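# What the coordinates show
Here are the chains, one letter per residue:
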Amino acid sequence: MTENDPFLRDVKAGLSQNPKCISSHYFYDKAGDELFQQIMEMPEYYLTNAELEIFSQQSEAIIQSFEISNTEEFELIELGAGDGKKTQYLLQTLLEKNFKFKYIPVDISKNSLSVITERMQNLFPNLKCDPKQGDYFQVLDQLFSSDKPKVILFIGSSLGNMPDGIAAQFLHKIAAHLKKNEKLLLGLDLLKSKDIVLPAYNDASGITSAFNLNLLRRINRELGADFDLENFEHAPEYTEKEGIAKSYLRSKKKHSVFIKELEEYFDFEENETIHTEISRKYTDEILQNLLKDSQLEITRKFLDSKNFFADYILTK
Ligand code: AVI
């Protein structure tokens, strides 16, 4: 581990500032990936079922909205592919309708990518699948080297884990790569009341708490820290006015933690927090603001039956 290691650098910077924070980007080690899979199966985490309903019931209409004929070859690129349970419906319909396409799942986690590739190839032996490993901010350039028409999928409300400024930059970057009429399918969790949102980030069985605390376990393992997980608790917040679910790790008492790779102690007051995650909830207006000057336009919107979640088709 060197000073150039981004994890070491970000942990040092995040724990040195006031208030302390570490990016949710670092949740996803192997244990974090598994805990997120469990989160998606919890009754409180409505996001997965809502988007699954959209994909399972409206995939034909979604495909029509791509405005691609089944005679031209195209590339379906999925950013942050996860486990592929939702995308599976889209792939099945595309194959049934004889569309000619290559599926390109992109994920930072090698482990997730091999799980999804195996799963899709078992389900659809005729599917052309070409996985790419890497941070999707960074692999975008490589992905656009072919001149085949493209549809980009960015689902699961992963955009919501980025602050609005970064989310806008990200959408602008995708737009800059797309050609006229190409599409981005963007899945976003919609703004709604606290009694629905907060339990999704504070489940009764404690899985979200374990997911958040796993970040400290990762720092212990990878950076030689001595965080005692018993000294911290998961503390989520949400107000409908702001529309952003926020997760914190709150210190239960005044104490210090040593990080060997940094040769440094970090002090915690009783009730002091480390901010670890934001999950923004959207309206059409919030999305329109992010899209300003991006050359992307909302051309369709698919909703679940409870109006909890939206899959937007954005067209250049
Ligand atoms: C991956 N992302 C969209 C999830 C979310 O809802 O923000 C991550 C998550 N964090 C806690 N629960 C789920």
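The rules behind the values
- Residues numbered from 1 in each chain as written.
- Predicted model: local features only at pLDDT ≥ 70, side-chain atom pairs only at ≥ 80, totals over all residues.
- Heavy atoms only, no water.
- UniProt positions renumbered as here; feature names shortened; annotations may be inferred.
- Helix = DSSP H or I, 4+ residues; strand = E, 2+ residues; numbered from the N terminus.
- Pairing = 2+ DSSP bridges.
- pLDDT = per-residue confidence, 0-100.
- Near = heavy atom within 4 Å.
- Polar contact = N/O pair within 3.5 Å; in protein donor to acceptor, adjacent residues only side chain to side chain.
- Areas by Shrake-Rupley, 256 points an atom, 1.4 Å probe, with all protein chains shown as cover.
- Nonpolar A, V, L, I, M, F, W, Y, C, P; charged D, E, K, R; others polar.
- Salt bridge = Lys/Arg side-chain N within 4 Å of Asp/Glu carboxyl O.
- Buried < 20%, exposed > 50% of the residue type's maximum accessible area, 1.4 Å probe, protein only.
- Contact = heavy atoms within 4.5 Å.
- Phe/Tyr/Trp six-rings, centres within 6.5 Å; stacked < 30°, edge-to-face > 60°.
- Lys NZ or Arg CZ within 6 Å of the ring centre and 35° of its normal.
- Expected span 1.5 Å × (residues − 1).

## A closer look at the UniProt feature "domain: Histidine-specific methyltransferase SAM-dependent" (unreviewed entry) in the protein
In this numbering, the UniProt entry assigns the feature "domain: Histidine-specific methyltransferase SAM-dependent" (unreviewed entry) to residues 9-315. When the span residues 9-315 is considered, its composition is 38% helix and 26% strand, and the gap between its end C-alpha atoms is 38 Å.

## Points about the sheet that holds strand β8 (residues 232-237)
A sheet is described by the order of its strands in space; here four strands give the open sequence β1-β12-β9-β8, paired in mixed fashion. Of all strands in the sheet, those bounded by a partner on one side alone are β1 (20-21) and β8. Relative to strand β12 (residues 273-280), strand β9 (residues 244-251) runs antiparallel, the two sharing seven bridges. Across the sheet, residue Ile244 finds its bridge partner in β12, namely Arg280.

## Quick look at the confidence of the model for the protein
Chain-level pLDDT for the protein is 95 on average; 99% of the residues reach the 70-or-more range. Interface predicted TM-score (ipTM) for the complex: 0.99; the corresponding pTM is 0.96.

## A few points about the site of the ligand
Lining the immediate surroundings of the ligand are 13 residues, of which Tyr45, Asn161, Tyr201, Glu277 and Ser279 lie closest. Here Tyr45 contributes a side-chain N or O atom positioned 2.5 Å from an oxygen atom of the ligand. The contact in question runs from an oxygen atom of the ligand to an N or O atom on the side chain of Ser279, over 2.6 Å. For the ligand, whose unbound accessible area comes to 350 Å², protein coverage reaches 96%. Grouping the amino acids of the shell around the ligand by side-chain chemistry returns six nonpolar, six polar and one charged.

## Section: the pattern of salt bridges
For the structure shown, the criterion picks out 24 salt bridges. Salt-bridge contacts for Lys148 lead to Glu73; the nearest nitrogen and oxygen are separated by 3.6 Å. Here Lys148, found in the loop between α6 (136-143) and β6 (150-154), pairs with Glu73, found in strand β2 (residues 73-79); they are 75 residues apart in sequence, far enough to count as distant. In this structure, Asp189 engages Lys192 in a salt bridge whose closest nitrogen and oxygen atoms are separated by 2.6 Å.

## Looking at the environment of Leu186
The residue Leu186 is located in strand β7 (residues 183-189) in this model. Among the residues examined, Leu186 registers a relative accessible area of 0% and is labelled buried. Separated by 49 residues in sequence, Leu186 and Phe137 place their C-alpha atoms 16 Å apart. Ignoring anything within four residues of it in the chain, the contact list for Leu186 reads Phe154, Leu159, Leu171, Leu287, Ala310, Asp311, Tyr312 and Leu314.

## Here we look at the packing of aromatic side chains
Enumeration over the complete set of coordinates arrives at 15 aromatic pairs. With a centroid separation of 5.1 Å and 85 degrees between ring planes, the pair formed by Phe232 and Phe268 is classed as edge-to-face. Placement of Phe232 in strand β8 and of Phe268 in strand β11 (residues 264-268) is noted, with a sequence separation of 36 residues between them. Per residue, the accessibility class of Phe232 equals that of Phe268, and both read buried. The positively charged end of Lys20 is found above the aromatic ring belonging to Phe268, 4.9 Å away from the centroid. For Arg218, the ring lying beneath its charged end belongs to Phe7, and the centroid distance is 4.7 Å.

## Focus: unusual backbone geometry
Here the residue pair Asn18 and Pro19 is connected by a cis peptide bond, since its omega of 0 degrees sits within 30 degrees of zero. If you trace the backbone, Pro19 turns up in the loop between α1 (6-16) and β1. Even without glycine at this site, Ser157 takes up a positive phi of about 60 degrees. Along the chain, Ser157 turns up in the loop between β6 and α7 (164-177). In the Ramachandran plot, Glu263 falls in the positive-phi region, its phi being about 50 degrees despite a non-glycine side chain. Among the secondary structure elements, Glu263 is positioned in the loop between β10 (255-259) and β11. Overall, Glu263 belongs to the exposed group, its relative accessible area being 63%.

## Observations concerning helix α5 (residues 110-123)
Between the first and last C-alpha of α5 there are 20 Å, a value that for 14 residues agrees with the 20 Å anticipated at 1.5 Å per step. If you follow the buried residues of α5, they end up packed against α2 (30-40), α4 (87-96), β3 (100-107), β4 (128-129) and β5 (132-133).

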